[in-house]
Amino acid sequence: MTQEFKFSNFPKSNIISINGIELEVFEAGKENMGNPIVLCHGFPEHAFSWRYQIPALVQAGYHVIVPNQRGYGNSSRPKEVTAYDIIHLTGDLVALLDYYNYRDAVFVGHDWGANVVWNLALLHPDRANKIINLALPYQERGEKPWIQFMEELFGEEFYFVHFNKKPGVADAVLDNHAENFLHNLFRKNVPLAPPESGMLMMNLAKAEKPLGEPILNDDDLSVFVTAFKNSGFNGAINWYRNLDRNWHLIADIDPIIKQPTLMIYGNLDMIPKFERLQDFVPDLDMICLDCGHHIQQELPQETNQSILKWLTKFNGSQRIENKNGNL
């Protein structure tokens, strides 16, 4: 069963066949063809996470392209875990540009979507002319594979590690508590405190009294709940199960981001800032907003202003291409 949106102000989706899968894509601002911007959601999210940014970007003159990435929404959910590695995930975005006959675009990512955008900039540097990432900074490739490193640092119950060491366990818990999990996850003004024992995501799924305040109203929450009741969480979690595979895949890649980059942090996010970010991203601007992890949904107007103000820096020299990729 595919999900039908009840919200007249959110674009309708198209299912397109690219890179060996079907991708559900929401599109707005076709009148701005030639000036593309691609918005990439995180976990456990949906293209709908960008509902506040789409109208502002269209008004600013952008052709806005918002995919539900593989494993999410009505997009394909391959069974093989390796089908969610960084080669496939970045390959989907490259194929999306090819579908629209774009040589390159501005890419915006949040959370796991930011990780994909960072890696797109490394693996396909000619396809991203500028990048904007929210919440998740660049992840340095250290001497140890990421899951091994995280297990040594945080223990086997840390959710990245748990997803890998106990496949299928968290998937089932989240599937069985989808509405409660999403209701408890999308919160703001959550007090910063040491994590309770056990696996964070499963704790959230089962918690009866969530902390903080809800970010989503009932209608917005229903979009996420309906989507995940349809898709399940396995495909989304499989992104985590490729972290060590990705560590090996990018071993020989130049780790320096060459594109102009805007990094937006939430000051109340549990994800720490990366103090050496500029070592890997020399052409960097950074903004910190007074919010938690779900930046573009917690502070939509401030997020829009930050993105648009930064993009105006390039208006005088920005390369604008038409649909056929010509200048």
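Reading the values: rules and limits
- Residues numbered from 1 in each chain as written.
- Predicted model: local features only at pLDDT ≥ 70, side-chain atom pairs only at ≥ 80, totals over all residues.
- Heavy atoms only, no water.
- Phe/Tyr/Trp six-rings, centres within 6.5 Å; stacked < 30°, edge-to-face > 60°.
- Helix = DSSP H or I, 4+ residues; strand = E, 2+ residues; numbered from the N terminus.
- Buried < 20%, exposed > 50% of the residue type's maximum accessible area, 1.4 Å probe, protein only.
- UniProt positions renumbered as here; feature names shortened; annotations may be inferred.
- Patch = residues over 30% accessible without salt bridge, like charges linked within 9 Å, V, L, I, M, F, W, Y side chains within 5 Å.
- Areas by Shrake-Rupley, 256 points an atom, 1.4 Å probe, with all protein chains shown as cover.
- Salt bridge = Lys/Arg side-chain N within 4 Å of Asp/Glu carboxyl O.
- Core = buried A, V, L, I, M, F, W, Y, C linked by side-chain atoms within 4.5 Å.
- Contact = heavy atoms within 4.5 Å.

Quick look at the packing of aromatic side chains now. Applying the stated criterion to the full structure yields 26 aromatic pairs. A centroid spacing of 6.0 Å and a plane angle of 70 degrees characterise the contact between Phe48 and Phe224, whose relative ring orientation is edge-to-face. Residue Phe48 is found in the loop between β3 (36–40) and α1 (53–59), and its partner Phe224 is found in helix α9 (residues 218–231); the two are separated by 176 residues along the sequence. Neither residue differs from the other here; Phe48 and Phe224 are each classed as buried. Judged by centre distance (5.9 Å) and plane angle (80 degrees), the ring pair of Tyr159 and Phe163 falls under edge-to-face. A residue pair is termed a helical-turn pair when its members lie 3 or 4 positions apart in one helix, as Tyr159 and Phe163 do in helix α5 (residues 159–165) at 4 residues. Residues Tyr159 and Phe163 agree in their burial class; the two are buried.

Glancing now at the UniProt feature "domain: AB hydrolase-1" (unreviewed entry) in the chain. Sites flagged by UniProt as "domain: AB hydrolase-1" (unreviewed entry) map to residues 35–296. In residues 35–296, helix accounts for 40% and strand for 15%; the two terminal C-alpha atoms are 21 Å from one another.

Residues Phe149, Leu153 and Phe154 make up a contiguous nonpolar surface patch of about 320 Å² in total accessible area. Note that Phe154 resides in helix α4 (residues 146–154).

Across soluble globular proteins, you tend to see nonpolar side chains buried next to one another. Among the nonpolar cores identified, the biggest contains 107 residues, and Phe107, Ile132 and Met201 are the most heavily contacted of them. Sorting elements by how many residues they give to this core places helix α3 (residues 112–123) first, with 8 residues. With residues up to four places along the chain from it excluded, the contact list for Met201 reads Phe43, Tyr159, Phe163, Leu174, Phe181 and Leu185.

Checked against the element boundaries, Leu93 lands in helix α2 (residues 86–99). According to the relative accessible area criterion, Leu93 is buried, its value standing at 2%. Measuring from C-alpha to C-alpha, the distance between Leu93 and His46 comes to 16 Å, with 47 residues separating the pair along the chain. Non-local contacts of Leu93, meaning those with residues more than four positions away in its chain, are made with Cys40, Pro67, Gln69, Phe107, Val116 and Leu120.

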